[in-house]
Amino acid sequence: MATLRTPFSSTVDLMTRAALVAALLAVSALAWWALTTRTSRFRPARHDGGDLLTAQQLGSPLGARATLVQLSAATCSICPRVAAVLRSTAAGLPGVAHVELRVEDRMDLVERYGVLRTPTVLLLDADGGLASRMSGPLDRETARAAIHAVTGAAPTDSTAPTAGERLD
Amino acid sequence: MTETGIDPRGPRFGAGVMAGLLVVTLLLGAGPAATAALAVAALLFAVGAVRGAQGTVQGVVFSRWIRPRLRPTAEREDPRPPRFAQVVGLVITGSGVVLAVLGLDAAVPVAAGVALVAAFLNAAFGFCLGCEMYVLGRRVLHRA
């Protein structure tokens, strides 16, 4: 990144730098857009975490049909909102549990499932096998669709969104 | 933390100011002027790392002059993530300044570029890159 010493005046350098800054901002905006559209949905698990996750390893009981394991961090600003969405979604679906864990406390799960950011949501089937996962902001409908894909049940409108609930 | 949360527009405004300063740093290229501009950025990040994003110079400007002119909002944000991001910003810009002082002028535009991407994403989209690095940092520490 050393400054080019050209016979041109320094205005050429300034123009070049301005163009580089503009390019940098454009590339980061594109990267951000690609990242958010890619991760804001549940995707089939690639890191399957090896064996099934037991209730003992999780530290709390698995849901009878599915379990949403949310890995959060104190530094994560959208984690509380995602937790609220998942908590109310799980509450409206029988046999679906929501467990929120802090990455600081559960580095074992972070390593095992290759978690890179918070929140990461691992969707486990009835046996504790990793069915799908997502990270980033999440809305109720996305969560419900992913859960129904695992439980095999047809979507039932067991609950309407509660008043004041924000859907992202 | 909802009671003691901060207005989320504050850190975004601060990031916008920081992005402007970092653009100036990049336009200055590599040299004493650019190093000085990056040092100012590092100093602002240091204030934020100690006092939180709401306690930075930009944060005070926001709460004193900008916020009263905006529509009030009930939305509140946990102050810890933005503060962590200030620490990340301090590490990046601080390394650039230290390397420049040690004679590596090229470190200034590199550090300013990295910090600009983070500040720009925060200001433009409310996406906190520094906060995203928290888990990666923990994993590196965990392995070490």
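Residues numbered from 1 in each chain as written. Chains lettered and ligands numbered in written order. Predicted model: local features only at pLDDT ≥ 70, side-chain atom pairs only at ≥ 80, totals over all residues. Heavy atoms only, no water.

According to the stated counting rule, one finds six salt bridges over all chains in the structure shown. A salt bridge links arginine 139 of chain B to glutamate 111 of chain A; its shortest N-O distance comes to 3.7 Å. Remark: glutamate 111 of chain A occurs in helix H4 (residues 107–112) and arginine 139 of chain B occurs in helix H6 (residues 129–143); the pair is interchain, linking two chains. Residue arginine 67 of chain B is joined to aspartate 7 of chain B by a salt bridge in which the shortest nitrogen-to-oxygen separation is 2.8 Å. One end of the pair, arginine 67 of chain B, is in the loop between helix H3 (57–66) and helix H4 (80–101); the other, aspartate 7 of chain B, is in the segment before helix H1 (9–27), with 60 residues separating them in the sequence. What makes aspartate 7 of chain B buried here is its relative accessible area of 6%. Three or more residues joined by partner-sharing salt bridges are found here, namely Arg102, Glu104 and Asp105 of chain A. (Salt bridge = Lys/Arg side-chain N within 4 Å of Asp/Glu carboxyl O. Helix = DSSP H or I, 4+ residues; strand = E, 2+ residues; numbered from the N terminus. Buried < 20%, exposed > 50% of the residue type's maximum accessible area, 1.4 Å probe, protein only.)

As a further point, take the confidence of the model for chain A. Mean pLDDT over chain A works out to 82, with 79% of the residues at or above the 70 mark. The low-confidence segment residues 157–168 of chain A (pLDDT under 50) makes 17 contacts with residues lying over four places distant or belonging to another chain. (pLDDT = per-residue confidence, 0-100. Contact = heavy atoms within 4.5 Å.)

What follows covers the packing of H1 of chain B against H3 of chain B. All names here are of chain B. Put simply, H1 and H3 touch, their axes get as near as 8 Å, and they point 120 degrees apart. Taken together, the axis directions place H1 and H3 in an arrangement best described as oblique. Note that H1 runs across H3; the crossing there is right-handed. Of H3, the residues touching H1 (which contributes Arg9, Gly10, Phe13, Gly14, Val17 and Met18) are Gln58, Val61, Phe62 and Ile66. Residues belonging to the contact of H1 with H3 are distributed by class as follows: six nonpolar, three polar and one charged. (Axes fitted to C-alpha atoms, helices over the stretch in contact; angles between N-to-C directions. Parallel < 35°, antiparallel > 145°, perpendicular 65-115°, else oblique. Left-handed = near helix turned anticlockwise from the far one by under 90°. Nonpolar A, V, L, I, M, F, W, Y, C, P; charged D, E, K, R; others polar.)

Residue and element names in this part refer to chain A. Spatial strand order, E1-E5-E4-E2-E3: five strands in an open sheet with mixed pairing. Each edge of the sheet is formed by a strand with only one pairing partner; in this case those strands are strand E1 (43–44) and strand E3 (96–102). Each of strand E2 (66–72), E3 and strand E4 (120–125) is contacted by helix H3 (residues 79–91), which is oriented at about 160 degrees to E3, the strand it contacts most. Here helix H5 (residues 140–151) sits on the sheet in contact with E2, E3, E4 and strand E5 (130–135), set at roughly 25 degrees to E4. (Pairing = 2+ DSSP bridges.)

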